[in-house]
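# Close look at the chain arrangement
Chain residues, written in single-letter form:
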Amino acid sequence: MTWQTWIHVVTLWLLGSLLSGLTLGTEPSEDPLARSSRPNIVVFLVDDLGVMDTSVPFLLDSAGQPQRYPLNEFYRTPNLERLASQGVRLNNFYAMSVCSPTRTSIITGQNAARHRVTQWIRSEGNNRGKFGPLHWNWTGFATPQSTLPSVLRTAGYRTIYIGKAHFGPIGQPTEFPDALGYDVNIAGCSWGQPGSYYGQDGYGQLQGNRSRSVPHLDKYHGTDTFLTEALTQEARSQIDHCLADNQPFFLQFAPYAVHAPFQSNPRYAANYSDSGKSKDAQAYATLVESMDTALGELMDQLNQRGIAENTLILFLGDNGGDAPLGPTHEHHSSFPLRGKKGTHYEGGSRTPFIAAWAKPDPNNRWQQQLPIAAGQVNSQIATVMDLYPTLLSLADVNPPADHVLDGFDLALQLANQPNPDRSNQFLLHFPHDHRSSYFTSLRVDNWKLIYHYFPEQNPAKTRYELFDLDADPYENHNLADQHSAKVSELLATMIQQLSEQSALYPVDEQGQALEITSER
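So, a few notes on the structure that sits alongside this text. (Residues numbered from 1 in each chain as written. Predicted model: local features only at pLDDT ≥ 70, side-chain atom pairs only at ≥ 80, totals over all residues. Heavy atoms only, no water.)

### Points about the packing of aromatic side chains
- With the rule as written, the count across this model stands at 22 aromatic pairs.
- Relative to Phe454, the ring of Phe131 has its centre 4.8 Å away and its plane inclined at 35°; by these criteria the two rings are tilted. Here Phe131 is found in the loop between α5 (112–115) and α6 (148–154), whereas its partner Phe454 is found in the loop between β13 (447–452) and β14 (464–468), with 323 residues between them in sequence.
- Measuring from ring centre to ring centre gives 6.4 Å for Tyr182 and Phe250, while their planes differ by 20°; the resulting arrangement is stacked. In this pair, Tyr182 is assigned in the loop between β4 (158–163) and β5 (184–186) and Phe250 in strand β6 (residues 249–254), connecting sequence segments 68 residues apart.
- Classification of Tyr182 by relative accessible area gives buried; the value is 1%. (Phe/Tyr/Trp six-rings, centres within 6.5 Å; stacked < 30°, edge-to-face > 60°. Helix = DSSP H or I, 4+ residues; strand = E, 2+ residues; numbered from the N terminus. Buried < 20%, exposed > 50% of the residue type's maximum accessible area, 1.4 Å probe, protein only.)

### A look at the pairing of β4
- With six of six residues buried, β4 is to be regarded as a mostly interior element.
- Across six bridges, the pairing between β4 and β6 is parallel. For Tyr161, the partnering residue across the bridge sits in β6 and is Gln252.
- Sheet topology note: the β4/β5 ladder contains three bridges and is parallel. Across the sheet, the residue bridging to Ile160 is Val184, located in β5. (Pairing = 2+ DSSP bridges.)

### Overview of the sheet that holds β4
- As summarised here, the arrangement of the eight strands in space is β5-β4-β6-β1-β7-β8-β2-β9, forming an open sheet in which the pairing is mixed. Two strands bound the open sheet, and with one partner strand each, they are β5 and β9 (376–378). For this sheet, the mean angle separating the axes of adjacent strands, direction not counted, is 15°.
- As judged from the seven bridges shared by strand β1 (residues 40–46) and strand β7 (residues 311–317), these two strands associate in the parallel manner. From the neighbouring strand, Val43 faces β7, where its bridge partner is Leu314. (Axes fitted to C-alpha atoms, helices over the stretch in contact; angles between N-to-C directions.)

### Here's the deal with the layout of surface pockets
- Its boundaries defined by the atoms lining it, the largest pocket holds a volume of some 430 Å³.
- For the lining of the largest pocket, the residue count by class is eight nonpolar, seven polar and six charged. (1 Å grid on protein atoms, 1.4 Å probe; cavity = no way out; pocket = protein on both sides within 12 Å on 5 of 7 lines; lining within 4 Å. Points joined across faces, edges and corners; volume = space filled by probe spheres on them. Nonpolar A, V, L, I, M, F, W, Y, C, P; charged D, E, K, R; others polar.)

### Comments concerning the pattern of salt bridges
- Considering all chains together, one arrives at 22 salt bridges under this definition.
- Across the salt bridge formed by Asp318 and Arg103, the nearest N and O atoms sit 3.1 Å from each other. Taken together, the residues span a long stretch of sequence, with Asp318 in the loop between β7 and α9 (346–349) and Arg103 in helix α4 (residues 99–108) at a distance of 215 residues. The burial state of Asp318 is the same as that of Arg103; both residues are buried.
- Residue Glu309 is joined to Lys359 by a salt bridge in which the shortest nitrogen-to-oxygen separation is 3.6 Å. With Glu309 in the loop between α8 (279–304) and β7 and Lys359 in the loop between β8 (353–357) and α10 (365–369), this residue pair connects regions lying 50 residues apart in the sequence.
- The network of salt bridges with common partners includes Asp47, Arg103, Lys164 and Asp318. (Salt bridge = Lys/Arg side-chain N within 4 Å of Asp/Glu carboxyl O.)

What follows is the structure, given as structure tokens:
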């Protein structure tokens, strides 16, 4: 072979290889790891889903095993059971007691006392309440470069928001998720509930509560597509777009369900017609099952596309449950826990949390980096602030140097190992008027102290409530009078944490801050 022939053969071979590579580049790779340099992330955030609102048991019996209660038998969430079987449950997982503070804490890694979005945001204006702090952050978190999606976007992620947002009021930059670091926003806006769950109503644009109509879903108007199903279709489409572009994705899927209005999904209504529960409670159960179906469809798609091994799913609620079952401050909607969302009791801020790889594979690079104990329950305290550092650690991305974090990396807990470096504490600061008004609570290990700024507004009519959650997980017995030393100890810790986070306090009639003092 002459040297000219040899060069010609090599040139043809190189050209063929190049063209072959270009052609293959338009098709999904057989190797999930070849598609992206980082794992995909799905945060499945359900509105108003309490820890007792699924068929997955989160509470443990005296032997440390999951214990089923009547509400676990009432709800039907087979796909969540599937996720739990291949992932780990954190059964002492806390959110803020209402939605906007929690959603802001997820994208900042900060406690609401620090980021100061301490109340749910009213779309039309300041919702501080009569004695709320004058300068609370009612327009939303205004440092978008520090948010979780913004930081992930700089690392090459396509950041997608689908569903309820509720980050800021109308007319503010925080009104839509696009301004907070999300490349794609579908259906996210200022308000926290849909005008309707029905496609025939245009999700509020054609009928229903037009002031709360869900945007961006016009193509489903006039159809029988339930809102949760429309959002699921949009999420699936966005995942396929990312695959076509060979780009890792961060998907925050936040269906408006299970927030009121409690409108029944006819697809599931027959499952609850003989339950003996009220019409609203049955409708609520269909919203729960609709959410579960959405989870299953996303999990199936990830498997079908060959990226399940490379995709982490974090499932959680944004505050305690709001099932239309019984009085707000008693043992009904969250039974055996006490209280609903918006209250200072455990039912107000305990939420379900499950972390799982969409398809477990011990040989997968990312799963070796973040192993998850399948089918296990970890009982160490964890919070919504932990998502930010956990996900950045997995993606090997550093937070902004000047951004303070209150959360902890959950890696050890997801492997069902104790994290000796985290404080086993949770501070909940709510200086506003709501179901439970003007309170700060602090859990430290098994002890929980609640401080009421206006005792007369507390259903218990007392300034202090103290519970031993090991002996009394259902908060029936206030021990404040019997354990005054423990009250003083926890009060000092509460004051210190509020000070460190520059918290804002309720005010009196003259507008003076009602700071907590160590004097009882």
